[in-house]
Amino acid sequence: MDSKNKSGSIETVIKENRSFPPSAPFTEKAWIHDQADFDKIWNTSQENPVHFWEQQASHLEWAEKWKTVHHWNEPFSQWFVGGKLNVASNCLDRHLEARGNKNALIWEGEDGSVRKFTYQDLHKEVCKLANALENKFNLKPGDTAAIYMPLVPEAVIAMLACARIGVAHSIVFAGFSSHSLRDRIQDAECKVVLTSDIGYRRGQVLDLQKTVREATSQCQSVRATLVFRRENKTELIENEWDWSQLTSHQSPNHRPSFFDSEHPLFFLYTSGTTGKPKGIVHSSGGYLTGVATTAKWIFDLKENDIYWCTADIGWITGHSYVVYGILANGATSVIYEGAPMHPHPGRIWELIDKHKVTILYTAPTAIRSFMRAGNEYPLKYELSSLRLLGSVGEPINPEAWMWYYEMIGKKRCPIVDTWWQTETGAILISPIPGVTTLKPGSATRPFPGIIADIVNEEGKSCAPNEGGYLVIKHPWPSMLRTIHKDPERFKEQYWSKFKGMYFTGDGAHKDENGYFWIKGRVDDVINVSGHRLGTMEIESALVSHPRVAEAAVVGRPDELKGQGIVAFVTPRDSKDKLDIKTLAQELKTHVANEIGALARPDEIKFTKTLPKTRSGKIMRRLLKDLAAGKQITGDTTTLENPGIVELIES
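Nothing here was measured: the structure is a model prediction, and the numbers come from that model.

(A) Fine view of the overall build of the protein. A tally of helices and strands in the protein yields 19 helices and 30 strands. Whereas a compact globule of 650 residues would reach a radius of gyration of roughly 26 Å, the protein reaches 24 Å, a difference of no more than 12%. Along the longest, intermediate and shortest principal axes, the C-alpha atoms of the protein span 70 × 65 × 55 Å. The burial tally for the protein puts 61% of its 650 residues in the buried class. Here the contacts in the protein between residues at least 6 apart in sequence split such that 72% fall between residues at least 24 apart. Here the protein carries 77 positive and 78 negative side-chain charges, and the mean point of each set is 0 Å from the other.

This is the structure:
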């Protein structure tokens with residue numbers, strides 16, 4: 001939507017803090033009848049969150065019920081202690097009688113090819129792979145396996161097969177470099193890697209097998225690589241096995257084992273403020289309780305829904321709201337391999353009409369891309385099947401919210417603007433459709449059972465509209481349990497700033513109605529298109545280049561991606577030998593090779609020196625101002641070099 005053509009409507013919405021009705025009430029939810037009923041549930045859950053989550057856990061299928069609901073030894077939390085369940089069985093087996101012939105997955109590729117898996121189909125494939133992992137590779141509960149795959153049904157099958165046999169999976173986004181994959185395999189000590197020979201994106205063929213071979217050549221823990229071959233000409237080398245051939249000889253039946261509620265379900269590596277990615281550890285019972293409950297309530301899942309979350313399974317959104325949370329509720333999940341604007345800008349709307357998608361969950365970055373492409377593309381399609389829209393990954397600006405609401409939702413679909421993290425496992429702050437009054441740009445209120453607040457430096461609650469730090473004041477079931485092999489880092493990263501509170505790393509404020517407005521990161525983490533990248537990780541990649549002496553990386557506002565990456569680099573070359581354009585391109589390519597294309601700097605600025613305090617600390621505040629094109633303000637008296645930053649021009 002072009003705000004100029006709407007007589008300033010967006011500006012009016014923002015200025016007046018206009019709200020929108022919550023849309024139709026829950027018609028199939030026996031536990032919520034009206035606003036007063038929900039308010040009672042919410043208030044009670046704030047007073048006794050443990051009881052609320054115990055009620056939600058009872059909706060899962062447990063082989064043995066827990067003896068203790070919650071055990072808290074700050075900062076280590078355990079939920080449903082003594083309980084046993086199987087996560088894959090909860091996502092598949094328990095649906096077979098009532099929903100065996102219902103589609104669990106609908107997959108489409110960029111070329112228009114479609115594959116559908118009923119719950120019965122998916123169960124059989126998961127069982128065959130589970131048998132192969134146990135019988136051929138001798139994987140046992142407590143082992144780990146890496147998954148490096150494109151967004152194809154086999155990636156989901158790999159996740160569920162691992163969960164079925166108690167093997168923790170570590171999914172690495174199939175856009176990361178071999179170095180990044182190697183580091184994650186080594187840290188998790190993965191014994192098997194599940195991959196595909198190739199992937200497709202924007203019409204390009206991605207050689208995933210080459211990346212895996214480069215990574216595993218340096219990983220002693222890896223016994224074998226299982227390759228889903230999409231091209232018959234793909235050759236296998238020693239310790240590589242053909243996925244289809246191997247599973248074709250396995251039984252389609254597999255009796256699941258049941259694991260302790262705290263048994264690790266998966267590791268997922270996320271960037272932090274140091275160079276080493278953090279291996280976030282998620283449990284089984286607590287995690288599944290969190291994602292199943294939030295998926296059911298926030299997306300108002302009904303039996304006939306066709307749900308599409310556009311995230312890749314390489315990110316937490318894909319784990320929680322493409323696979324586990326959706327399948328645990330017996331819903332149908334759409335997955336699309338490729339870019340949602342390829343091969344034409346209307347591709348996403350075409351798919352919605354084709355598959356009669358009822359719920360769309362996507363990122364603000366994508367929404368802004370759709371806006372930029374023009375209204376003529378969504379106007380070509382009916383989009384009449386949609387009844388609910390969602391936003392995830394970063395704060396959504398009001399302009400994008402309004403366009404989404406009016407152009408895509410036709411003013412009839414509520415928008416659930418969700419806030420959560422890899423570490424939280426599940427959504428923590430979000431509207432509830434049919435209940436919550438919506439405000440463009442606000443994630444509204446915490447989910448029932450989540451005790452969230454905004455505090456100042458002293459840990460005291462902030463007044464309305466006073467900016468501060470977003471914290472969670474009580475443990476919740478889907479929270480991370482620790483950082484793999486580094487419990488001290490877990491304590492320091494999340495629990496040291498405010499005693500007894502989980503520090504999210506985000507800044508925010510609450511308005512006079514108690515609605516939360518998330519402002520973004522307060523640490524040295526850049527949020528690019530909803531993906532968190534540690535500045536230290538990118539800096540480490542830059543200084544590993546032989547022509548770089550020093551580097552500092554900051555984020556700058558980006559209309560499309562939320563934040564762009566700007567690198568300030570001090571080269572080793574003397575000025576007369578420096579070809580700025582050539583070196584800048586060389587360094588961008590180097591970072592992409594070291595980490596992945598998503599970490600490629602948008603801009604590289606060459607400097608004679610970096611602004612440092614007398615203690616040697618880089619003053620990033622100044623660099624952020626420069627990156628954003630602002631005048632440098634504030635106190636600079638602590639700088640060792642009063643000249644601040646002298647850029648090397650071409």
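Back to the text.
(B) The arrangement of the sheet that holds strand β30 (residues 603-606) in detail. Across the sheet, which stays open at both edges, the three strands sit in the order β28-β29-β30 with mixed pairing between neighbours. Of all the strands in the sheet, the pair left with one neighbour each is β28 (548-558) and β30. Geometrically, the sheet is characterised by an average inter-axis angle of 25° between neighbouring strands, direction not taken into account. Where β28 and strand β29 (residues 562-571) come together, ten bridges link them in antiparallel fashion.

(C) Looking closely at the nonpolar core. Counting 114 residues, the largest nonpolar core has Leu122, Leu160, Leu194, Phe299, Tyr321 and Tyr324 as the members making the most contacts within it. A per-element tally of this core places helix α7 (residues 153-165) first, with ten residues. Excluding its chain neighbours within four sequence positions, the residues that come into contact with Tyr324 are Val87, Cys91, Met159, Leu160, Ala163, His169, Leu265, Tyr287, Leu288, Val291 and His319. Among the nonpolar cores identified, the runner-up in size contains 45 residues, and Leu181, Val222, Trp315 and Ala567 belong to it.

(D) Geometry of the pattern of salt bridges. As enumerated under the stated definition, the model contains 30 salt bridges in all. Several salt bridges converge on common partners, so that one network encompasses Glu108, Arg347, Glu350 and Lys354.

(E) The arrangement of the side chain of Glu539 in detail. Its location among the elements puts Glu539 in helix α17 (residues 535-543). Contacts of Glu539, omitting those with residues within four sequence positions, involve Ala551, Ala552, Val553 and Arg620.

(F) The sheet that holds strand β25 (residues 516-521), seen in detail. Taken in spatial order, the four strands make up an open sheet running β21-β22-β24-β25, and their pairing is antiparallel. Each edge of the sheet is formed by a strand with only one pairing partner; in this case those strands are β21 (452-455) and β25. On average, each strand axis in the sheet is tilted by 45° relative to the strand beside it, whichever way the strands run. With five bridges connecting them, strand β24 (residues 502-510) and β25 associate as antiparallel partners. Its bridge partner being in β25, His509 is matched across the sheet by Trp517.

(G) View of the packing of aromatic side chains. Under the definition given, this model contains 37 aromatic pairs. Residues Trp62 and Trp66 carry aromatic rings whose centres are separated by 5.0 Å and whose planes lie at 75° to one another, so their mutual orientation is edge-to-face. Accessibility assignment for this pair places Trp62 and Trp66 in one class, buried. Among the aromatic residues, those joined into a ring-pair cluster are Trp72, Phe76, Trp476, Phe490, Tyr494, Trp495 and Tyr502. The aromatic ring of Tyr469 is capped on one face by Lys497, whose charged end is 4.7 Å from the ring centroid.

(H) Main features of the environment of Phe606. Secondary-structure assignment places Phe606 in strand β30. A sequence separation of 17 residues divides Phe606 from Thr589, and the C-alpha atoms of the two residues are 16 Å apart. What Phe606 contacts, discounting residues up to four positions off in sequence, is Val569, Pro571, Ile580, Leu583, Ala584, Leu587, Glu646, Leu647 and Ile648.

(I) Local environment of the environment of Pro440. Looking at the secondary structure, you find Pro440 in the loop between β20 (415-417) and β21. Separated by 43 residues in the primary sequence, Pro440 and Asn397 place their C-alpha atoms 7.5 Å from one another.

(J) Examining unusual backbone geometry more closely. Following Glu74, the chain continues to Pro75 via a peptide bond in cis, the omega torsion being 5°. In this structure, Pro75 sits in the loop between β1 (68-73) and β2 (76-81). Following His342, the chain continues to Pro343 via a peptide bond in cis, the omega torsion being 10°. Residue placement: Pro343 occurs in the loop between β17 (332-337) and α13 (347-355). Residues other than glycine seldom take positive phi values, yet Asn138 does so here, at roughly 55°. Using a relative accessible area of 43% as the deciding quantity, one classes Asn138 as partly exposed.

(K) Looking closely at the pairing of strand β5 (residues 114-118). Both strand β4 (residues 103-109) and β5 contribute to a ladder of five bridges, which runs antiparallel. Opposite Leu105, over in β5, you have Phe117 as the bridge partner.

(L) Representation of the side chain of Ser77. Relative to the helices and strands, Ser77 is located in strand β2. Owing to a relative accessible area of 5%, Ser77 belongs among the buried residues under this scheme. A distance of 3.1 Å separates polar atoms of two side chains, one belonging to Ser77 and the other to Trp79. For Ser77, the residues in contact, after removing those within four places along its chain, are His70, His71, Trp72, Glu262, Pro475, Met479 and Arg481.

(M) Expanded view of helix α14 (residues 364-373). Burial analysis of α14 places seven of its ten residues in the buried class, which makes it a mostly covered element. Within α14, burial applies to Pro364, Thr365, Ala366, Ile367, Arg368, Ser369 and Phe370. Buried residues in α14 make contact with α13, β18 (359-362), β19 (388-391), α15 (398-408) and β29. At the exit of α14 stands Gly374, carrying a positive phi of roughly 115°.

Calculation rules
- Residues numbered from 1 in each chain as written.
- Predicted model: local features only at pLDDT ≥ 70, side-chain atom pairs only at ≥ 80, totals over all residues.
- Heavy atoms only, no water.
- Helix = DSSP H or I, 4+ residues; strand = E, 2+ residues; numbered from the N terminus.
- Rg over C-alpha atoms; globule rule 2.2 N^0.38 Å.
- Buried < 20%, exposed > 50% of the residue type's maximum accessible area, 1.4 Å probe, protein only.
- Contact = heavy atoms within 4.5 Å.
- Lys, Arg positive; Asp, Glu negative; His and termini not counted.
- Charge placed at Lys NZ, Arg CZ, Asp CG, Glu CD.
- Pairing = 2+ DSSP bridges.
- Axes fitted to C-alpha atoms, helices over the stretch in contact; angles between N-to-C directions.
- Core = buried A, V, L, I, M, F, W, Y, C linked by side-chain atoms within 4.5 Å.
- Salt bridge = Lys/Arg side-chain N within 4 Å of Asp/Glu carboxyl O.
- Phe/Tyr/Trp six-rings, centres within 6.5 Å; stacked < 30°, edge-to-face > 60°.
- Lys NZ or Arg CZ within 6 Å of the ring centre and 35° of its normal.
- Polar contact = N/O pair within 3.5 Å; in protein donor to acceptor, adjacent residues only side chain to side chain.

The values reported here are purely geometric and, on their own, carry no functional implication.
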